[in-house]
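Structural features, examined
Letter by letter, the chains look like this.
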4 protein chains.
Amino acid sequence: MGKYFTVTCFGESHGKCVGVVVDGCPPGLDLSDADVQRELDKRKPVSSAISTPRREEDRVELLSGIFNGHTTGAPICMLVWNRAVDSKPYEEMRWTPRPGHADYPARIRYQGFNDYRGGGRFSGRLTAAYVMAGAVAKRVLNKKGIEVLAHVTQIGPIKSLKTPSVNEIRLNVYANPMRCATRDVAQLMEKAVRAARDEGDSVGGVVEGMILNVPPGIGQPVFGALDADLAQALFNIPAVKGVEFGTGFEAAGLKGSQNNDAYTIKTGQVSTTTNNAGGILGGLSTGMPIIFRVAFKPTPSIAKPQRTVNLKEGINMEIEVKGRHDACIVPRAVPVVESMAAITLADHLLAVGFR
Amino acid sequence: MGKYFTVTCFGESHGKCVGVVVDGCPPGLDLSDADVQRELDKRKPVSSAISTPRREEDRVELLSGIFNGHTTGAPICMLVWNRAVDSKPYEEMRWTPRPGHADYPARIRYQGFNDYRGGGRFSGRLTAAYVMAGAVAKRVLNKKGIEVLAHVTQIGPIKSLKTPSVNEIRLNVYANPMRCATRDVAQLMEKAVRAARDEGDSVGGVVEGMILNVPPGIGQPVFGALDADLAQALFNIPAVKGVEFGTGFEAAGLKGSQNNDAYTIKTGQVSTTTNNAGGILGGLSTGMPIIFRVAFKPTPSIAKPQRTVNLKEGINMEIEVKGRHDACIVPRAVPVVESMAAITLADHLLAVGFR
Amino acid sequence: MGKYFTVTCFGESHGKCVGVVVDGCPPGLDLSDADVQRELDKRKPVSSAISTPRREEDRVELLSGIFNGHTTGAPICMLVWNRAVDSKPYEEMRWTPRPGHADYPARIRYQGFNDYRGGGRFSGRLTAAYVMAGAVAKRVLNKKGIEVLAHVTQIGPIKSLKTPSVNEIRLNVYANPMRCATRDVAQLMEKAVRAARDEGDSVGGVVEGMILNVPPGIGQPVFGALDADLAQALFNIPAVKGVEFGTGFEAAGLKGSQNNDAYTIKTGQVSTTTNNAGGILGGLSTGMPIIFRVAFKPTPSIAKPQRTVNLKEGINMEIEVKGRHDACIVPRAVPVVESMAAITLADHLLAVGFR
Amino acid sequence: MGKYFTVTCFGESHGKCVGVVVDGCPPGLDLSDADVQRELDKRKPVSSAISTPRREEDRVELLSGIFNGHTTGAPICMLVWNRAVDSKPYEEMRWTPRPGHADYPARIRYQGFNDYRGGGRFSGRLTAAYVMAGAVAKRVLNKKGIEVLAHVTQIGPIKSLKTPSVNEIRLNVYANPMRCATRDVAQLMEKAVRAARDEGDSVGGVVEGMILNVPPGIGQPVFGALDADLAQALFNIPAVKGVEFGTGFEAAGLKGSQNNDAYTIKTGQVSTTTNNAGGILGGLSTGMPIIFRVAFKPTPSIAKPQRTVNLKEGINMEIEVKGRHDACIVPRAVPVVESMAAITLADHLLAVGFR
């Protein structure tokens, strides 16, 4: 992933570790294990209501590319070691693909050689690698005053109707387990998750991301569009089924006169009076905040029995996915969305020669 | 664009030509000028209601990579020459960015050196290059029995509520100017476009795409996801603001038990009883039809006066975008959506060694 | 070719044209058809002694990426049209691969679909595309004061023993048909070519290239080494069989104390007292001139009868390659070597953010 | 490095580890730690005469991409941990670049932030990563019956004049510390190294590589030439100053009639009676053995005093590079040459759809 700021992930859910190599990071940026750990911690499950009782206390280890507390310009390898985990339940399901998971196509893609334990490389656990890389990308962005934020706007049927201020997002998101910028909505969301969990079911949701202080003119037309690359990055997050910018799908129903953003100039500074474009026109940043929304499907691992097939015996059957899983992964996806956005933007900044 | 089936576009709206080089096409495929022309013709404006009176009669010219009616394995360069066009109106707007267009960020990105005439490289005219490349990609796919379809499901406020059959799509889409699979809905859509045009305004819409007969296991997890690459390709089409697969944004409100697709086996053939996933799980094709929707914003060029700025004089002002423009570009985007999907899939097929 | 300054070639020897798309060129550089033509003209055969009587008067046509005499930042497509040529002789040789040419492996690689006329894509004519792209790259370099030179140091058995000065190279190379910096050696070389031609044979040679005023620190260790990328570019020139930097193969016989270049500082300027490294250490430029030599094999097309096989009938046979061909292509390779060096360096300059 | 079989290295000489991620390896290949260790062991110093007394006993650790003894198709991360090393000597030389090393350009490239201890990322120690990746590449090649060999043909002034048979190479190379296929020459070489060492000096040499059983038609014309990519890979090995294929630089002095390889057919099998081309024509493999030679400069670290500069104080001075270093690294480069050739070929095999 990436052309100038490149990210290579490795590792599996139940293998030795999950890691990432970031190449192309400029030299001279402050970066410590603690900086990366802080980002990783945002991904920790925080509420017993919504997430797996498995303790995932990931400690990042930086293996290369750092010297005397600064990036050196060399590839940065970072990883978290996996703890001993029980892979037995997966043995039983080896021939019975779980609905909504990649078990079946993965089996075909890798001719049966893929590490199927815990979803292997398709596990949400791999997003720890995205977050480690994102921590480095954020350092690149911070140097230019660019800030990446994300917050949950919908969990199952509960939608946050009012638009929170940037400050509300900054203050509230990591202060509640739902990563929602509006506290009372967060409580409703948590209730919805709890209800799903109690039914042995799961819920999805929507995360809104924003990138502040991006200078105008970042991106490229005709392959290399900033929105195209952001969308690609976001769809590489497991469970993402939709991405939209600015007014997004709603724009399809608007008129040009409603959707166009009028320009205005004030003390030499050009801006638009609205931001329906979500900060991107023709694949280039406009200088306004970049705004996008990402739709997550409900977690496919549910306790309810589901119909599937036994591939070995070639028969239809029922499956109950064992173990405890997150009834909703959307809140934990918030730092992942931030990270993928940060990585993409860092790549585009370096593309235009920002150092 | 692409890694194995690579596409490089060149040309500008009011320059000499719009062209494309396709590299990585396997040798031995039948391909003639007529094959590419047929696809290009799908992009032609067909209704005086919806599109520009500019006559765009593009004749493709194949410059390389073809010998004795077959692809040779060498890069295929194709182009359409531009006709003499009047670029004067653009001269006047050089310092006054049109709302909703990329004029302003492009000016900054290219330090004022970009060819601004007719939108230059940001013009929808560049999509002719996508369609030429798509014609080659479709040849690659056809050899494997893979078919790419697209149809308009929404224009402004008019949504097509029923799901057309594959045959209705095949038969009807290119038989009406709105590229809608349901004829009576097409008429309502045309009316909506006419109304917008008469007001000096424009409308957007939604195109649904589908790819049939994709074998399971195409794609890649963790960077290289098939949906991620499709989304990236689609967002590189001008005016796209949203992309979703299967249940898409609606999935955010569903429960896992509703959204998961149950597997079933019949005479050794595995399939799912529903296709909420839109044919992709974990970045890999499932073997079910790949289904996605693409949201287009309303054409930014409208006759109504709009507020903008004069960048030279640093003042606010009003602009009326002259010339006649499409009041709705969505129907013309249908073959473009098909093409971008075909290019992406051809790339992924070659990635797994399909020849 | 290239990552930041990317070059895509298309066309065949006897097809419609030979062309190239250069992407990633910064906006705002002066560039006209004449600038590119000047470089192309360096590649013209100048002596009846050494080259084909076929008249190759290539006129370049710039199709995109230029506006008002400047690069726009958009892809630059350039081509030369092929004249009507007689492809019949190649029809006869379709099943009888010419020794030293790529006919045989090309046939296998492309399953017989490759355009074999005139060598198709393997023809030296394709280097016209390299030179067009090189003309753009030189513009990028000139802006930074970087100069690329090349000259012939050996033709067959004739080696130029004395090292010419930079000024001699600048003045003499394009003033004699052998592209040799030393005039009397040039005459001996021409005699050697004439002798080979009269025997129906051919000769090879060596071209030395140099790049002046490269700032130190350009390149990358561990994949992306400047010498590695230069070598790759140079080996993509047909007929190249060896590349060396600085003392090159001779270094294998030297001691460390002889081959190391001592550093010295003078008015704050660091340099080395010798340049055995050829201006590159650890994949990075040192600030000294980059010096390399490129070995060309003798032209494989010779009038003498040669043993080959008839692939259709599966028998051994003799072939006489018809038509008149260059008895030595080395002088015509000089601008090609310059171009490939310039393209590689432009790519590396952009990689470190030079604009 | 690589497009289909991609290799990403990380780590520094005196950092925590040296590692590599290999992506694109097909699933289902047998691969164990022992397989990689066997290759790594070939790189171990074996003679007190030629190499550093530092004990480098590298144990490889495979972190991902392997399951039940097979590759899974997921990225394979492998590393060797560095032992505690004394970095103090490098502290002293921080401002005094060692002649022949990359210290000076690295300092500029990375603005002083590079990890300079032990040469950091420019150290020969990084080639352990190449060898680990090469072990995987060899597995890919073995499946197709392709074998990669290398042997030392020159050390300082001692050249091996006779051409050893393939069997001699297989048997003798790893049976003597000079990695020479001819035993008595090996003894002369060892003497030459000893002599250099005793003078506080060093010697270079030449490694010849060969790749057997490559099918014809592997590679690509016009960017992507097999020889070009092999050369690029080989020049990414530290200390390489020249690469040639087949007759190489000697070809420059030959006539076409001498250098062309005649084709012959026998029981339907096409081959050439000579192999002056070194197995590659027009960037494609011919089916004959691929033969190349790689020139290594003498190790720059020598005990003799050398002139350099103090960059902090801006003065000329003398330096004596402390510690014990290899008086000749050429024998240890043999498995590295094999590895880089194997990686390049694996990449090209996958490019044409070999699985």
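Residues numbered from 1 in each chain as written. Chains lettered and ligands numbered in written order. Predicted model: local features only at pLDDT ≥ 70, side-chain atom pairs only at ≥ 80, totals over all residues.

Looking now at the overall build of chain A. Helix and strand counts for chain A stand at nine helices and 17 strands. Computed over C-alpha atoms, the radius of gyration of chain A comes to 21 Å, within 12% of the 20 Å expected from 2.2 N^0.38 for 355 residues, which places it in the range of a compact globule. With respect to the principal axes defined by its C-alpha atoms, chain A has extents near 70 × 50 × 40 Å. Counting all 355 residues of chain A, 66% fall into the buried class. Of all intrachain contacts in chain A linking residues separated by at least 6 positions in sequence, the fraction that spans at least 24 positions is 72%. (Helix = DSSP H or I, 4+ residues; strand = E, 2+ residues; numbered from the N terminus. Rg over C-alpha atoms; globule rule 2.2 N^0.38 Å. Buried ≥ 20, exposed ≤ 12 C-beta atoms within 10 Å, placed from the backbone. Contact = placed C-beta atoms within 7 Å.)

Okay, the pairing of strand β7 (residues 147-155) of chain C next. Residue and element names in this part refer to chain C. For β7, the tally of buried residues reaches seven of nine residues, placing the bulk of the element in the interior. Sheet analysis places β7 next to strand β9 (residues 205-212), joined by eight bridges and oriented antiparallel. Counted as the bridge partner of alanine 150 is glycine 209 from β9. Direction of pairing for β7 relative to strand β8 (residues 158-159): antiparallel, over a ladder of two bridges. Paired with glutamine 154 across the two strands is lysine 159, which belongs to β8. In this structure, the hairpin formed by β7 and β8 is closed by a connection of two residues, where glycine 156 is found at a positive phi of approximately 50°. (Pairing = 2+ DSSP bridges.)

So, on to the relation of the copies chain D and chain A. Overlay of chain D on chain A (RMSD 0.0 Å): rotation 180°, translation along the axis 0.0 Å. The symmetry that links the two subunits is that of a two-fold axis. Same-surface contact between copies: 100% of interface residues of chain D are shared with the interface of chain A. (Least-squares fit on C-alpha atoms with pLDDT ≥ 70 in both.)

Attention now moves to the packing of helix α7 (residues 226-235) of chain C against helix α7 (residues 226-235) of chain D. Where α7 of chain C contacts α7 of chain D, the two axes come as close as 8 Å, and the packing angle between them is 165°. The angle between α7 of chain C and α7 of chain D falls in the class roughly antiparallel. For the pair α7 of chain C and α7 of chain D, the sense of crossing is right-handed. Only Asp227, Ala228, Asp229, Ala231, Gln232 and Phe235 of chain D of α7 of chain D make contact with α7 of chain C, whose side of the interface consists of Asp227, Ala228, Asp229, Ala231, Gln232 and Phe235 of chain C. Among the residues making up the contact of α7 of chain C with α7 of chain D, the classes are represented as six nonpolar, two polar and four charged. (Axes fitted to C-alpha atoms, helices over the stretch in contact; angles between N-to-C directions. Parallel < 35°, antiparallel > 145°, perpendicular 65-115°, else oblique. Left-handed = near helix turned anticlockwise from the far one by under 90°. Nonpolar A, V, L, I, M, F, W, Y, C, P; charged D, E, K, R; others polar.)

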